[in-house]
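Architecture at a glance
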Amino acid sequence: MEKKILEQLLDLEAVAKTVSNYKSLILEWCQQYHYELEFPTHELPREEEGPATPPVFECELLINGKVVAKAQGYSKKNAQQQAAERAWADVQSGKLQ
């Protein structure tokens with residue numbers, strides 16, 4: 001019974017193929033082609049001040065000095081990962097070469 005239930009709920013191959021670190025993927029791709037990669041990230045000004053207002057960060061992903069993707073997030077890491085995911089989608093579609 002356990003095997004039947006777990007097999008239906010978990011597809012281990014799908015989990016293994018799930019990408020979670022786009023920043024590493026885009027970094028490895030840039031290293032392979034000797035491209036310069038930068039993630040300038042800064043905190044956006046808050047519209048409201050107070051402890052309930054979380055900071056928002058904006059990241060630009062630059063390859064060889066050219067802005068390839070932008071993203072925002074509630075942490076620098078999150079903003080960078082989202083920008084990297086957008087850039088990786090462009091790599092996969094052939095927009096970036």
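Up top is the structure these notes are about.
Scope of this entry: the structure provided in the associated data block. Keep in mind the model is a prediction, meaning the values are calculated, not measured.

This paragraph deals with the environment of A71. Along the chain, the position of A71 falls in strand 4 (residues 66-73). In this structure the C-alpha to C-alpha distance between A71 and R86, which are 15 residues apart in sequence, comes to 8.4 Å. Once you skip the residues sitting within four places of it in the chain, A71 turns out to touch F57, E58, C59, A79, Q82, A83 and R86.

What follows deals with helix 3 (residues 22-32). For helix 3, the complete set of buried residues consists of Y22, I26, W29 and C30. Angularly, the buried residues of helix 3 cover 100° about the axis, an arc narrow enough to put them on a single face. More than 90 degrees from the buried face of helix 3, the exposed residues found are Q31 and Q32. Elements in contact with the buried residues of helix 3: strand 1 (37-38), strand 3 (57-63) and helix 4 (76-93). Phi for H34, located one or two positions after helix 3, is positive at around 60°.

In this section: the pattern of salt bridges. Scanning all chains against the criterion turns up 2 salt bridges. Linking R46 and E43 is a salt bridge whose minimum nitrogen-to-oxygen distance equals 3.5 Å. The partly exposed category is assigned to E43, whose relative accessible area is 40%. With a closest N to O distance of 3.6 Å, E60 and K70 form a salt bridge. Placement of E60 in strand 3 and of K70 in strand 4 is noted, with a sequence separation of 10 residues between them. Note on E60: relative accessible area 24%, which makes it partly exposed.

Reading the values: the criteria
- Residues numbered from 1 in each chain as written.
- Predicted model: local features only at pLDDT ≥ 70, side-chain atom pairs only at ≥ 80, totals over all residues.
- Heavy atoms only, no water.
- Helix = DSSP H or I, 4+ residues; strand = E, 2+ residues; numbered from the N terminus.
- Contact = heavy atoms within 4.5 Å.
- Buried < 20%, exposed > 50% of the residue type's maximum accessible area, 1.4 Å probe, protein only.
- Arc of directions from axis to C-beta.
- Salt bridge = Lys/Arg side-chain N within 4 Å of Asp/Glu carboxyl O.

What is shown is where atoms sit, not what they do.
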